[in-house]
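# Architecture and fold: a report
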Amino acid sequence: MKIVHRLSEQAERVKLVTYNLKRAHSGLRKELEEKDGDFTFKTGSSRYLKQIENLHIGLFREPLYPWLVWLYRFKAHELMSVIVDKDDNVIGYDLFFFQPSEKNEKVIHELYVGVKTEYQDRGFGVKLRLFSAKCYDDGYLDGISTLASLDNIKALRTAQKAGFAITKMSAKPVAHYLFKNLFRRY
């Protein structure tokens, strides 16, 4: 029974990766780069993936899902934003993917936002979310969704400061479901 369950989970992950590879097409977002003092906000690149994995473990005490790492190897430009210091070291990241539950909508889901501990409480999380929205705000997508667990007030507040609004509650996991509208060009 365990083998069947594992195979089923693997099949679901393969479907999720395939779905995201199709949705995260070239041209999904604008290539932007913005300076803020000694820091640069930029669209992602697979060359930052190892740094993001290490930072993620330090912040969340668990590794990124292997299927996400695989996806970001191929679609980092379309699905990641980073903040780097003057030495090109990642101090923050914003990771996205497409959820099958939102397949009938033109919505991308923000999965993780992380900022190195020593740079937290300086507005980088808000600025990174605003930067990412600007990259996607070119008419293809209608909005960005994200979740903030009920006990993570910091995540909720940074999302709200970046223009996300609570639209409903998520049952699994129990969390606030937030949405940010993107500018639509016609």
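Everything in this summary refers to the structure shown in the same document. The residue numbering used here restarts from 1 in each chain and proceeds along that chain's sequence as written. Per-residue local features of the predicted model are confined to residues with pLDDT of at least 70, and side-chain atom pairs are confined, for both listing and counting, to 80 or more; whole-chain, interface and lining totals are unaffected and use all residues. Hydrogen atoms and water are omitted, and side-chain values are computed over all heavy atoms in the structure.

### Observations concerning the pairing of strand β5 (residues 107–115)
Most of β5 sits inside the fold, with seven of its nine residues counted as buried. Note: strand β4 (residues 90–97) against β5, six bridges, orientation antiparallel. Counted as the bridge partner of Gly92 is Val115 from β5. Direction of pairing for β5 relative to strand β6 (residues 143–149): parallel, over a ladder of four bridges. What sits directly across from Ile108, in β6, is Ile144. As for the winding sense of the linkage, the β-α-β connection from β5 through helix α4 (residues 124–136) to β6 is right-handed. When a residue's accessible area, from a 1.4 Å probe over protein chains only, is under 20% of the maximum for its type it is buried; when over 50% it is exposed; and in between it is partly exposed. For helices the rule is a DSSP run of H or I covering at least 4 residues; for strands it is a run of E covering at least 2, with both sets numbered from the N terminus onward. Should DSSP find at least two bridges between two strands, the strands are regarded as paired. When the strands point away from the viewer and the connection leading from the first strand across the helix to the second strand turns clockwise, the crossover is called right-handed.

### Points about the layout of surface pockets
Quantified by volume, the largest pocket comes out at close to 1,200 Å³. Here a cavity denotes grid points, spaced 1 Å and computed from the protein atoms alone, that fit a 1.4 Å probe unable to get out, and a pocket denotes an open set having protein on both sides within 12 Å along at least 5 of 7 lines; residues with an atom within 4 Å of a point are the lining. Lining the largest pocket are 36 residues, with Phe60, Leu111, Val113, Asn152 and Ala155 sitting closest to its centre. Listing elements by their share of the lining of the largest pocket, those giving two or more residues are α2 (49–60), β5, α4, β6 and α5 (153–161). Residues are grouped as follows: Ala, Val, Leu, Ile, Met, Phe, Trp, Tyr, Cys and Pro are nonpolar; Asp, Glu, Lys and Arg are charged; every other residue, Gly included, is polar. A breakdown of the residues in the lining of the largest pocket according to their chemical character gives 19 nonpolar, 10 polar and seven charged. Grid points are joined across faces, edges and corners, and a volume is the space filled by probe spheres set on the points.

### A short note on the pattern of salt bridges
Any Lys or Arg side-chain nitrogen found within 4 Å of a carboxyl oxygen on Asp or Glu counts as a salt bridge. Under the counting rule described, the total for this entry stands at seven salt bridges. Asp36 is paired through a salt bridge with Lys127; the nearest N and O atoms lie 2.8 Å apart. Placement of the pair is Asp36 in strand β1 (residues 33–36) and Lys127 in helix α4, with a sequence separation of 91 residues. On the accessibility criterion, Asp36 (26% relative accessible area) is partly exposed. Among the charged side chains, a network of salt bridges with common partners joins Lys42, Arg47 and Asp88.

### Notes on α5
Residues lying three or four places apart along an α-helix face the same way, a consequence of the helix completing one turn every 3.6 residues. Buried within α5 are the following residues: Ala155, Leu156 and Ala159. Projection of α5 onto a plane perpendicular to its axis shows the buried side chains occupying an angular sector of 100 degrees, all on one side. Of the surrounding elements, those touching the buried residues of α5 are α4, β6, β7 (165–170) and β8 (175–181). Just downstream of α5 lies Gly163, where phi reads positive at about 100 degrees. Our arc is simply the arc of the directions from the helix axis toward the C-beta atoms. We call two residues in contact when some of their heavy atoms are within 4.5 Å.

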